[in-house]
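Residues per chain, in single letters:
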Amino acid sequence: MDVVNEGDYILLYLDGRRSFLVEATDRVFHTHRGYLKLKELIGQPYGSQVKSSIGVEFTLLKPALRDFILKKFRRPTQIVYPKDAGLILTYTGIGPGFRIAEAGVGSGALTAFLAYYVRPTGRVYGYEIRSDLIKIAKRNLSQTGLMDYIELKLKDVREGFDERDLDAVVLDLPTPWEVIPKAYDALKNSGVFVSFSPTINQVEKTVETARAYGFVSIEAVECLERHFKVKAGETRPETVMIGHTGYLVFARKSLKST
Ligand code: SAH
């Protein structure tokens, strides 16, 4: 049976709205539903219930990467949300062994998703123009244990990428069209280009530039995610949803322009 070990991160699940990511160490964790001595969780099976000081039950769950990103990461920038990361991963086939350049790293959310899926043989080269953000991203990513698959670089990618023959280039920065020639040089033939942008004007410029540069199979996509309140006979969408995150542009490098 899988039990909690000292130092494990655990998702303390209360209900659909409330769960907490805690570390099994010698600390007391206070919630509005009483406190828990975290050391007492060590040795308990995952999936089991524990009671707080006032008798409220929490379930011990193993956290997913999404929990680390949404609950633990410091987020001085907007991040790429799981719905958009999911589309990036599935549309491109990013998987074990992929070598990817990513810019900008920002808070490191997308870096974490990419690194998680290129393991154990792939690598993410994360470029960021701001040194303060590199520091924060590094601290965030260290908690996930994924730093072995990531190289963070302080550099303006408009000057180009250091790598060649990359499987993918993934951008989340204000002027992606300025980076397209550099992405083209860094990618292997047929390699994947992805760009995430919050405004449609950025999408238009990015697609037009990608077209002019000899990229093919260009797609512009928006992903909407709706959560549901499920109760027999009353199931319906939640009233509030995240209405907007951004748009994705996908493209493949062809040899047309060379
Ligand atoms: N995808 C990230 C968020 C990126 S926010 C996440 O999920 O956490 C956009 C980032 O791009 C910012 O941190 C900004 O500093 C960086 N940036 C902007 N222009 C850049 C450039 N030319 N080269 C490298 N990084 C750049």
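Heads up: these notes are all about the structure in this document. (Residues numbered from 1 in each chain as written. Predicted model: local features only at pLDDT ≥ 70, side-chain atom pairs only at ≥ 80, totals over all residues. Heavy atoms only, no water.)

## Digging into the environment of Val221
- Take Val221: it is sitting in strand 12 (residues 215-222).
- Linking Val221 and Tyr184, residues 37 residues apart in sequence, is a C-alpha distance of 21 Å.
- Beyond its immediate sequence surroundings of up to four residues, Val221 is in contact with Leu87, Tyr91, Tyr247, Leu248 and Phe250. (Helix = DSSP H or I, 4+ residues; strand = E, 2+ residues; numbered from the N terminus. Contact = heavy atoms within 4.5 Å.)

## A closer look at the sheet that holds strand 1 (residues 9-13)
- Across the sheet, which stays open at both edges, the four strands sit in the order 2-1-6-5 with antiparallel pairing between neighbours. On the outer flanks of this sheet lie strand 2 (19-23) and strand 5 (49-51), each paired with one strand and no other. Across the sheet, the mean angle from the axis of one strand to that of its neighbour is 35 degrees, orientation sign disregarded.
- With three bridges joining them, strand 1 and strand 6 (residues 57-61) adopt antiparallel strand pairing. Across the sheet, Tyr13 pairs through a bridge with Thr59, a residue of strand 6.
- Strands in contact with helix 1 (residues 65-72) are strand 1 and strand 2; relative to strand 2, the strand with the most contacts, it is inclined by about 95 degrees. (Pairing = 2+ DSSP bridges. Axes fitted to C-alpha atoms, helices over the stretch in contact; angles between N-to-C directions.)

## Observations concerning helix 2 (residues 82-92)
- Listing the buried residues of helix 2 in full gives Lys83, Asp84, Ala85, Leu87, Ile88, Leu89 and Thr92.
- Residues of helix 2 that are buried sit in contact with helix 3 (109-118), strand 11 (187-197), strand 12 and strand 15 (247-253). (Buried < 20%, exposed > 50% of the residue type's maximum accessible area, 1.4 Å probe, protein only.)

## So, helix 1
- For helix 1, the full list of buried residues reads Leu65, Asp67, Phe68 and Ile69.
- The secondary structure elements touched by the buried residues of helix 1 are strand 1, strand 2 and helix 3.

## Side note on the pattern of salt bridges
- For the coordinates displayed, the defined rule picks out 14 salt bridges.
- Ionic pairing is found between Arg130 and Asp132, a salt bridge with its closest N-O pair at 2.7 Å.
- The exposure class of Arg130 is partly exposed, given its relative accessible area of 43%.
- With its nearest N and O atoms 3.9 Å apart, the salt bridge here joins Glu151 to Lys153.
- Under the relative-accessibility criterion, Glu151 is labelled partly exposed at 31%.
- For Lys153, a relative accessible area of 15% translates into the label buried.
- Connected through shared salt-bridge partners, Arg123, Glu151, Lys153, Lys155, Asp162 and Glu163 make up one network. (Salt bridge = Lys/Arg side-chain N within 4 Å of Asp/Glu carboxyl O.)

## A look at the nonpolar core
- The biggest cluster of nonpolar side chains holds 35 residues, and the ones touching the most others in it are Ile69, Ile94, Ile100 and Leu114.
- When contributions to this core are tallied by element, the ones reaching two or more residues are helix 1, helix 2, helix 3, helix 4 (131-142), strand 10 (166-171), strand 11 and strand 15.
- Of the residues forming this core, the biggest block, seven residues, is contributed by helix 3.
- Aside from chain neighbours lying at most four places away, what touches Ile69 is Arg75, Ile79, Ala109, Ala112 and Phe113. (Core = buried A, V, L, I, M, F, W, Y, C linked by side-chain atoms within 4.5 Å.)

## Observations concerning the sheet that holds strand 9 (residues 150-154)
- Read across the open sheet, the seven strands follow the order 9-8-7-10-11-15-12; overall the sheet is mixed. Strands with a single pairing partner mark the edges of an open sheet, and in this sheet they are strand 9 and strand 12. The sheet shows a mean angle of 15 degrees between the axes of neighbouring strands, direction not considered.
- When strand 12 meets strand 15, the two strands line up antiparallel, connected through six bridges. Each bridged residue has a counterpart across the sheet, and for Ala220 the counterpart in strand 15 is Val249.
- Packing of helix 4 onto the sheet brings it into contact with strand 8 (123-128) and strand 9, and relative to strand 9 it is tilted by some 165 degrees.
- Running over the sheet, helix 6 (residues 200-212) touches strand 11, strand 12 and strand 15 and is turned about 170 degrees from strand 12.

## Concerning unusual backbone geometry
- In this structure, the amide linkage connecting Ala103 to the following residue, Gly104, adopts the cis form with an omega of -15 degrees.
- Its identity as a non-glycine residue notwithstanding, Asp165 has a phi of 55 degrees, on the positive side.
- With respect to the element layout, Asp165 can be found in the loop between strand 9 and strand 10.
- A positive phi is found at Ser217, a non-glycine position, where the angle reads about 50 degrees.
- If you trace the backbone, Ser217 turns up in strand 12.
- A residue is classified by how much of its surface remains accessible, and Ser217, at 47% relative accessible area, is partly exposed.

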